[in-house]
Amino acid sequence: MTTSVHSSSGLTERQAAQALAEHGPNELPQPPPPTLLGRAVRQLADPFSILLAIAGLVTLLVLREVPEGAAILAILAVNVVIGVSQEAKADQAVRALRTLTAPMAKVRRDGVTRRIPAVDVVPGDLIEVAAGDRIPADAQVIEASSLGVDEATLTGESRSAGKSASGARGAELPMGDRDGDLFSGTLVVRGTGLALVVATGVRTELGRIASALEGRTKGPLEVELAQVSRKIGIVAVVAGVAMIALGLTRVIRGEAALLDIILAGVALAIAAVPESLAAAVTTARALGSQRMAGLGLIVRRLSAIEALGATTVIATDKTGTLTTGKLTVVDHVAVPEADLWLAVLRCNDARDGLGDGVDVALATAAEQRDVRLPRQESRLAARTFDAQTRSMTVVTDGPLLTVKGAPEVVLARCVPGPHTDRLVQAVPELAARGLRVLAVAQRDTTDMDADGLRPVGLLGLRDELRPSAGQAVADCRSAGIRVVMVTGDHADTARAVAQEVGIHPDPVVTGAALNGPDRAVRLREAGVIARVDPATKLDLVHALRGNGEVVTMTGDGVNDAPALRHADVGVAMAGDEGTDVAREAAAVVVTNGELGTIVTGISEGRRLRHNIHSMIGYLFAGNLAEIFLVIVGLLVWPDLIIPLLPVHLLWINLVLDGIPAIALGIDRSAGDPLTSKPSRQGLLARPVLIRIAGRALIVAALVFAAVEIARRLGWSEEEVRTQAVLTLVLARLTLAYVARARRWTFEHGWWRGRAVLIAVTGAAALQALVTLVPTLGGLLVLLPLPPIGWAIALAAGLLTPLLCDLLRLRR
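Conventions and cut-offs
Residues numbered from 1 in each chain as written. Predicted model: local features only at pLDDT ≥ 70, side-chain atom pairs only at ≥ 80, totals over all residues. Heavy atoms only, no water. Helix = DSSP H or I, 4+ residues; strand = E, 2+ residues; numbered from the N terminus. Buried < 20%, exposed > 50% of the residue type's maximum accessible area, 1.4 Å probe, protein only. Contact = heavy atoms within 4.5 Å. Expected span 1.5 Å × (residues − 1). Salt bridge = Lys/Arg side-chain N within 4 Å of Asp/Glu carboxyl O. Pairing = 2+ DSSP bridges. Axes fitted to C-alpha atoms, helices over the stretch in contact; angles between N-to-C directions. Phe/Tyr/Trp six-rings, centres within 6.5 Å; stacked < 30°, edge-to-face > 60°. Parallel < 35°, antiparallel > 145°, perpendicular 65-115°, else oblique. Left-handed = near helix turned anticlockwise from the far one by under 90°. Nonpolar A, V, L, I, M, F, W, Y, C, P; charged D, E, K, R; others polar. Polar contact = N/O pair within 3.5 Å; in protein donor to acceptor, adjacent residues only side chain to side chain. Patch = residues over 30% accessible without salt bridge, like charges linked within 9 Å, V, L, I, M, F, W, Y side chains within 5 Å. Areas by Shrake-Rupley, 256 points an atom, 1.4 Å probe, with all protein chains shown as cover. pLDDT = per-residue confidence, 0-100.

Quick look at the overall build of the chain
- When its secondary structure is counted, the chain shows 30 helices and 21 strands.
- A burial count over the chain gives 56% of its 811 residues as buried.
- For the chain, restricting intrachain contacts to residue pairs at least 6 apart in sequence, the fraction spanning at least 24 positions comes to 73%.

Structure follows, in structure tokens:
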């Protein structure tokens, strides 16, 4: 940083030009935007996209199955388009951050004050600021007159910060304590000042936040799906190689052609890839985001829906999230015969509803009581509120000195007596209710430092809670979600608010006390974290995620943006105080600003996450059953040569599986998702794999039994294969009900899943159609079956859920 050595005339134009060449423009870094092709390539590099591409190309070019290959590639194209679109939206965060920098600035150069583009401000410049100005760069205050700055979007403080030349400064202090520093992007709400620029562009506090927004954290399901894709690739290769290896024994014996065996091996490898999964997940996410939009949640990244449902910890900002960010006078204690509200108006800088939040709240309370200042009264002198004196002082005609500020400061200057004692005793009572307490006193004098003041009264102000905050916290607790409050306010205020909304406040830690080696541990254990800066919020997210938690971070300010971007789910509260930066950095935006809406989103997310688990269980069990059936069939059915033809596998996986899978994705299963705590079990964790393998073995065994009956009845090779396909289809379709059930397949309310019922019925009707109509059956190498064949297939379909439930009993 530049030192505070300066000339009152400012830099010369030559010095400014040299500094601009050395430090560069005063703007946030602007990397070249990625090209459309570059974005698409990144999406195609995803493991699941690679699997789909290979499956589609092999089906199209090797197996010559044009409709099926085109369908797989179309699914891939849809996924890439959606991914590119979401990535482009996420990149708007940094662009939104740049809009906070002031377009113009007043600087003193060669002794003359002039307006220049803010991009040309350099370290060493003297800048002049006044109420309404946006600070163009980080600077040290040189002169100040009643200077107050709104830093809420950076520090989270609900009130404006007083600034003075003698105030504390230095990057080693939390931003909220640096009352001698100005920060780029913040807004002057009162007074005037002269300041020395010490940092510009990326070196400012705002610039550090912009740097922290680079990149984003993948959601838990995204990570799991990538891992699943790699496992599927291994299974597909192993299955295909095993098929070809076993088939070669028949080629050697002259029972099959080499090309047929190779094509069958490729088809089996493709069958191991659940092509319908990508389409089903995309559809489920899209419909889920539409439902959420109707509830007041805009989902910017589709993967955030199920991540929201997996949430185990919510790190919530206080100002603007739990509270409205607007102070209100809710109680007061007045000394008899003293005019408290007139004194409040005398010691006040609010004008027309604008100014410091405390002054606006006090002026509003006085106006509600029809109190007005006498028109002939004028202000003779004033000293604004600052962190050093913790009070504001005004001298008006009379002369009359009026002081307001921290009770321990103001009351200490009052004359002893019963009125002073009464106010001293009332202070802790107001503070215990979580109110911000101010004291007011007066004296007939022009001496702004005089003691012996007459006590006038106390004022209790509250940053009003949002109506839904308390119930939302209670709902989170009942849903097994821990809520941690993070705020830029003082620890006492934070503790009181936390207790009021139902957040367990212990332990309460402050950002300044978190510099030891146990920083991460203390962050993980804290119930309330006060006086935080952006770095601490980001560290909190990393500490919680490093402990295996799925973290949802809420916020509305610039200071929240890095944590919103790097949390598993960033939720921006888009109320009146919400910033574009928070909205663009977040994965989910609550449009109505209500915290309670997030609970509804968590419920929807849990429902969708359960549906995705159901889809994966349904598709994987069916595909694994096909692998078992084909490989075992090669060993025990020499007369069939190939148990299931490639066209059969592609028909089942692409058409019939896709319909129930999409239905499972949009299913509205019975019960409240919030009553079941989020599972930390991975998509393909060992217990899940065992369950899937067990169901696959049941389906394969039933199909095996059906084929054996058909063979013993002396049916032809084509009829036996048709029996195998029909039985496999009906058994797999009933697996949809097994997969969607939280406990038992036909538990109470199972029939309410109309989407699944329609999908299963529709897919079964399609299979019946191609089996009964010879023209259609010829395309899929299927023949009409006698009634006994249909009876066998229907029996297998009914037995599948019953046997799977018996498998559940053994766990």
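Moving on from the coordinates now.
Details of helix H16 (residues 418-431)
- Across its 14 residues, H16 extends 21 Å between first and last C-alpha, which sits within 8% of the 20 Å expected from 1.5 Å per residue.
- Looking at H16, one finds that the buried residues are Thr420, Leu423, Ala426, Val427 and Leu430.
- Packing partners of the buried residues in H16 comprise strand S10 (323-334), helix H15 (407-410), strand S14 (436-443) and strand S15 (454-465).

Notes on unusual backbone geometry
- Following glycine 398, the chain continues into proline 399 via a peptide bond in cis, with omega recorded as -5°.
- Here proline 399 lies in the loop between strand S12 (391-396) and strand S13 (400-405).
- Positioned with a positive phi, aspartate 110 is a non-glycine residue whose angle comes to about 55°.
- The topology assignment puts aspartate 110 in the loop between strand S1 (104-109) and strand S2 (112-117).
- Take aspartate 110: its relative accessible area is 41%, and that puts it in the partly exposed class.
- Of note in this structure, valine 781 is not a glycine but carries a positive phi near 55°.
- Here valine 781 shows up in the loop between helix H29 (774-779) and helix H30 (787-809).
- Valine 781 sits in the partly exposed class, given a relative accessible area of 36%.

What to know about the pattern of salt bridges
- In total, this model carries 24 salt bridges according to the counting rule given.
- Here lysine 404 ties to aspartate 359 by a salt bridge, and the two come within 2.3 Å at their closest N and O atoms. One end of the pair, lysine 404, is in strand S13; the other, aspartate 359, is in helix H14 (residues 357-368), with 45 residues separating them in the sequence.
- Assessed through its relative accessible area of 4%, aspartate 359 is described here as buried.
- Where aspartate 667 meets arginine 740, a salt bridge forms, and the shortest distance between an N and an O atom there is 2.9 Å. Highlighted residues: aspartate 667 in the loop between helix H25 (658-665) and helix H26 (686-712) and arginine 740 in helix H27 (residues 717-740), separated in sequence by 73 residues. Arginine 740 matches aspartate 667 in its accessibility class, with the two residues each being buried.
- Through salt bridges that share partners, Glu13, Arg109, Arg114 and Asp125 make up one connected network.

Notes on the sheet that holds S13
- Strand order in this open sheet of six strands is S10-S15-S14-S13-S12-S11, and the pairing throughout is antiparallel. With one partner strand each, in any of the chains shown, S10 and strand S11 (379-383) form the two edges of the open sheet. Averaged over all pairs of adjacent strands, the angle between strand axes in this sheet comes to 20°, irrespective of strand direction.
- As paired elements, S11 and S12 share four bridges and run antiparallel to each other. Bridge pairing links alanine 382 to valine 394 in S12.

Points about the packing of aromatic side chains
- By the definition in use, this model includes one aromatic pair.
- Between tryptophan 637 and phenylalanine 704 the ring centres are 4.9 Å apart and the planes differ by 20°, which places this aromatic pair in the stacked class. Here tryptophan 637, found in the loop between helix H23 (596-636) and helix H24 (646-656), pairs with phenylalanine 704, found in helix H26; they are 67 residues apart in sequence, far enough to count as distant.
- Since its relative accessible area comes to 28%, phenylalanine 704 is described here as partly exposed.

Quick notes on the packing of H26 against H30
- Look at H26 against H30: their axes get within 10 Å of each other, and the N-to-C directions meet at 150°. Judged by the angle between their axes, H26 and H30 are roughly antiparallel. Here H26 runs over H30; the crossing is right-handed. Residues Gly694, Arg695, Ile698, Val699, Leu702, Ala706 and Ile709 of H26 form the contact with H30, whose participating residues are Ile792, Ala796, Leu799, Thr800, Leu803, Cys804, Leu807 and Arg808.
- The class makeup of the residues in the contact of H26 with H30 is eleven nonpolar, two polar and two charged.

Thoughts on the side chain of lysine 404
- The class for lysine 404 is buried, based on a relative accessible area of 6%.
- Within the structure, the side chain of lysine 404 is placed 2.9 Å from the backbone oxygen of cysteine 347, a separation counted as a polar contact.
- Setting aside anything within four residues of it in sequence, one finds lysine 404 in contact with Cys347, Asn348, Asp359, Leu362, Ser391, Met392, Val410, Ala439 and Val440.

What to know about H25
- The element H25 is extensively covered by neighbouring structure, given that six of its eight residues are classed as buried.
- Looking only at H25, the buried set comprises Gly658, Pro660, Ala661, Ala663, Leu664 and Gly665.

Section: the packing of H25 against helix H28 (residues 754-772)
- Interhelical geometry of H25 versus H28 gives an angle of 180° and a closest axis separation of 8 Å. As judged from the angle between their axes, H25 and H28 are roughly antiparallel. Taken together, the residues of H28 that come into contact with H25 (itself represented by Ile659, Pro660, Ala663 and Leu664) are Ala755, Val756, Ala759 and Leu766.
- Counted by class, the contact of H25 with H28 contains eight nonpolar, no polar and no charged residues.

A word on a nonpolar patch on the surface
- Residues Trp744, Leu799, Leu802, Leu803, Leu806 and Leu809 make up a contiguous nonpolar surface patch of about 540 Å² in total accessible area.
- Inspection of the secondary structure puts leucine 809 in helix H30.
- Exposure remark for leucine 809: the relative accessible area of 57% places this residue in the exposed category.

What about the confidence of the model for the chain?
- This prediction gives the chain a mean pLDDT of 81; 83% of its residues lie at or above 70.
- Predicted confidence for residues 1-5 stays below pLDDT 50, and this span has ten contacts to residues more than four positions away or in other chains.
- Counting contacts from residues 96-102, a segment whose pLDDT is below 50, to residues more than four positions away or on other chains yields 23 contacts.

Regarding the pairing of S2
- Bridge analysis of S1 against S2 gives six bridges, and the strand direction is antiparallel. By the bridge assignment for S2, arginine 109 is matched with valine 112.
- Linking two consecutive strands that pair antiparallel, namely S1 and S2, is a turn of two residues; a positive phi of about 55° is found at aspartate 110 within it.

Section: the sheet that holds strand S20 (residues 569-573)
- Ordered by their spatial adjacency, eight strands build an open sheet running S8-S21-S20-S19-S9-S16-S18-S17, and the pairing between neighbours is mixed. One side of each edge strand has no neighbouring strand; the edge strands of this open sheet are strand S8 (297-299) and strand S17 (508-510). Averaged over all pairs of adjacent strands, the angle between their axes in this sheet comes to 20°, without regard to strand direction.
- Examined bridge by bridge, S8 and strand S21 (residues 588-590) share three bridges and lie antiparallel to one another. Across the sheet, leucine 297 pairs through a bridge with valine 590, a residue of S21.
- Lying on the sheet, helix H18 (residues 491-501) is in contact with strand S16 (482-486), S17 and strand S18 (528-530); it crosses S18 at an angle near 150°.

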